[in-house]
Amino acid sequence: MRITKANGKVEYEVVENLKKRCGETDQKIVDIVTTIINNVKENGDNAVLEYTVRFDGGVPKKTVIEKDELQAYLDMVDDDFKSAIIKAKDNIYDFHLRQAQQSWMTTKENGVIMGQRVRGLHRVGIYVPGGTAAYPSSVLMNAVPAKIAGVKEIIMVTPPGKDGNPNPNIMAAAAVAGVDKVFMVGGAQAVAALAYGTDKIPKVDKIVGPGNIFVATAKKLLYGIVDIDMVAGPSEILIVADKTADPAFLAADLMSQAEHDKLASAILLTTSSDLARATAHEIEKQIKYLERQAIIEESLENYGEIIVCENLDQAIDFANELAPEHLELCVSEPLKYIGRVDNAGSVFLGNFSPEPLGDYYAGPNHVLPTSGTARFFSPLGVDSFVKKSSFIYYTPAELRNAADDIIKLAETEGLTAHANSIKVRFN
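Residues numbered from 1 in each chain as written. Predicted model: local features only at pLDDT ≥ 70, side-chain atom pairs only at ≥ 80, totals over all residues. Heavy atoms only, no water.

Novice: Looking at this model, I keep getting lost on the pairing of strand E6 (residues 153-157). Mind explaining?
Specialist: Each regular strand displays side chains that alternate between the two surfaces of the sheet. Counting buried residues along E6, 4 of its 5 residues qualify, which places the element largely inside the surrounding structure. Here E6 runs beside strand E7 (residues 181-183); their pairing, made up of 3 bridges, is parallel. When the sheet's bridge partners are listed, Val 157 is paired in E7 with Phe 183. With helix H7 (residues 168-177) bridging E6 and the parallel E7, this β-α-β connection has right-handed handedness. (Buried < 20%, exposed > 50% of the residue type's maximum accessible area, 1.4 Å probe, protein only. Helix = DSSP H or I, 4+ residues; strand = E, 2+ residues; numbered from the N terminus. Pairing = 2+ DSSP bridges. Right-handed = clockwise from strand over helix to strand, strands pointing away.)

This is the structure we're talking about:
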């Protein structure tokens, strides 16, 4: 990895370089996805089947798996894996339960009643990739908050394997997370089917979950027809470290994100030149034993950087500018700086809170804003799966008291029918 010294310019050149990863989607992909969406909208299940055969190689052995059938997959997976996902699910549930909001109502002395009703969405669709990008942890992260929110039905879509069968690890996770029904379909056609509904696949209110560029483009194009979680960019990690950090830990954590994608970003900000050099050496040593070495190398070459900063304040300021998906504070007193971090998807404090802890197990959600959007977006959570509506009750006397003010505001805006709605009640 390159080692550079912060000078008020070089670090911001890094930001500009990272922005290049997240340009407009290739028009050819947009055109392909648009064709798929329109075909599914027009021809429903026939179009879905056509694309499943074309892209997945054949018709799955079973096109839909009901909730009671999912339990059987728990017996197909390794006992240690089953134990791990159950523990992870419990941690995720415990964390997200604290996010749940309650409906409320207030009554004033003058008889006015106002309040807010909070309730879960009716039906949500979860997209889960198959093949080499099969992530059971994403099933938990998407489904558990939805259950807590009170979503009435969780529909999962995932492409069939080459043998026509589902990935058993994904299905086991679906069973643990409480998914209600699984359809064996993937790609942009699955997103379109969830958005518009077909005879077999029900229409949903929101679609969440990761996918390839075709899935992400479909979600983006269908936003408005259906709600989505976010359009996620390449994964990223930013580590702020002082001289107390362990270079072996830092190297391992940087590569844990670089292995996701050749477009992934892994950046280290440190106050120690010695630590910077030691970390680069550790990367060279550890990478030899990692299966996704080629992807890691390309990621670090194009979007990796070690920047030596004058002090931790400078590093934190830059972290807020970059607004990373994952931020590790590998410093002697991490809690001292948590109040300074304004822009980050998830923050990992200390040398023994590595990013994979959050990806799989601790409880906070791993569906996080990327590409600097942590400046204004939040992680997926219970709020992502609820809708809120307010209610108002006024007595005749209180409406009369407010009438002149309401009429004045309405007439000032030129909306005389609004004003008349108030006037007519007291003429």
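Novice: What is the right way to read the pattern of salt bridges from this model?
Specialist: Scanning all chains against the criterion turns up 14 salt bridges. Put simply, Asp 274 and Arg 277 hold a salt bridge, and the shortest N to O gap is 2.5 Å. In this pair, Asp 274 and Arg 277 are both assigned in helix H11 (residues 273-286), 3 residues apart and thus about one turn of the helix distant. Among the residues examined, Asp 274 registers a relative accessible area of 53% and is labelled exposed. (Salt bridge = Lys/Arg side-chain N within 4 Å of Asp/Glu carboxyl O.)

Novice: Help me out: how do you make sense of a negative patch on the surface in this one?
Specialist: On the surface, Asp 75, Asp 78, Asp 79 and Asp 80 cluster together to form a negatively charged patch. Note on placement: Asp 79 falls in helix H5 (residues 79-97). (Patch = residues over 30% accessible without salt bridge, like charges linked within 9 Å, V, L, I, M, F, W, Y side chains within 5 Å. Areas by Shrake-Rupley, 256 points an atom, 1.4 Å probe, with all protein chains shown as cover. Lys, Arg positive; Asp, Glu negative; His and termini not counted. Charge placed at Lys NZ, Arg CZ, Asp CG, Glu CD.)

Novice: Please clarify how a nonpolar patch on the surface should be interpreted in this entry.
Specialist: On the surface, Leu 49, Val 53 and Val 59 cluster together to form a nonpolar patch covering roughly 240 Å² of accessible area. Turning to its location among the elements, Val 53 is positioned in helix H3 (residues 45-56). Classification of Val 53 by relative accessible area gives partly exposed; the value is 39%.

Novice: Whenever I open this one, the sheet that holds strand E12 (residues 304-308) confuses me. Can you help?
Specialist: The sheet built from 6 strands is open, its strands ordered E1-E12-E11-E10-E13-E14 with parallel pairing. Looking at the sheet topology across the chains shown, the edges are occupied by strand E1 (3-5) and strand E14 (346-349). Adjacent strand axes in the sheet meet at a mean angle of 20 degrees, parallel and antiparallel pairs treated alike. Sheet analysis places strand E10 (residues 236-241) next to strand E13 (residues 326-330), joined by 5 bridges and oriented parallel. By the bridge assignment, Leu 238 is partnered in E13 with Leu 327. (Axes fitted to C-alpha atoms, helices over the stretch in contact; angles between N-to-C directions.)

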